[in-house]
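The lines below spell out each chain.
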Amino acid sequence: MSKYVKVMYGTTSGANSNFEYKLNQINVSNNWNPNADNPKDFGGFNYCTEECILR
């Protein structure tokens, strides 16, 4: 099983400075469209493995 991590700037989103992450709570994205054709329209939250981030 892989370990996934999220690079954060404090509790503020790097993609949307209006979004403040809630720690130890469930965070819900206001924009999530897994069927989008344009990557900017996918929305949601992005996670990857530690190896991928640190490459």
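The structure presented is a predicted model; accordingly, all values stated were derived computationally and were not measured.

Further remarks concern the packing of aromatic side chains. Tallied over the full model, the rule gives 1 aromatic pair. Judged by centre distance (5.0 Å) and plane angle (80°), the rings of Phe19 and Tyr21 are edge-to-face. For Phe19, a relative accessible area of 16% corresponds to the buried category. Owing to a relative accessible area of 10%, Tyr21 belongs among the buried residues under this scheme.

In this model, the largest pocket occupies a volume close to 560 Å³. If you trace the largest pocket, you find 24 residues lining it, with Lys6, Ser13, Ala15, Tyr21 and Gly44 closest to the centre.

Together, Val7, Tyr9 and Ile53 make up a nonpolar patch on the protein surface, roughly 300 Å² of accessible area in all. Structurally, Ile53 can be placed in helix H1 (residues 50-53).

Moving on, we get to the environment of Asn24. Along the chain, the position of Asn24 falls in the loop between strand E1 (4-5) and strand E2 (48-49). Considered as a pair, Asn24 and Cys48 are 24 residues apart in the sequence and their alpha carbons are 20 Å apart.

As for its position among the elements, Ser2 is in the segment before E1. For Ser2, a relative accessible area of 43% gives the class partly exposed.

Parameters and conventions
Residues numbered from 1 in each chain as written. Predicted model: local features only at pLDDT ≥ 70, side-chain atom pairs only at ≥ 80, totals over all residues. Heavy atoms only, no water. Phe/Tyr/Trp six-rings, centres within 6.5 Å; stacked < 30°, edge-to-face > 60°. Buried < 20%, exposed > 50% of the residue type's maximum accessible area, 1.4 Å probe, protein only. 1 Å grid on protein atoms, 1.4 Å probe; cavity = no way out; pocket = protein on both sides within 12 Å on 5 of 7 lines; lining within 4 Å. Points joined across faces, edges and corners; volume = space filled by probe spheres on them. Patch = residues over 30% accessible without salt bridge, like charges linked within 9 Å, V, L, I, M, F, W, Y side chains within 5 Å. Areas by Shrake-Rupley, 256 points an atom, 1.4 Å probe, with all protein chains shown as cover. Salt bridge = Lys/Arg side-chain N within 4 Å of Asp/Glu carboxyl O. Helix = DSSP H or I, 4+ residues; strand = E, 2+ residues; numbered from the N terminus.

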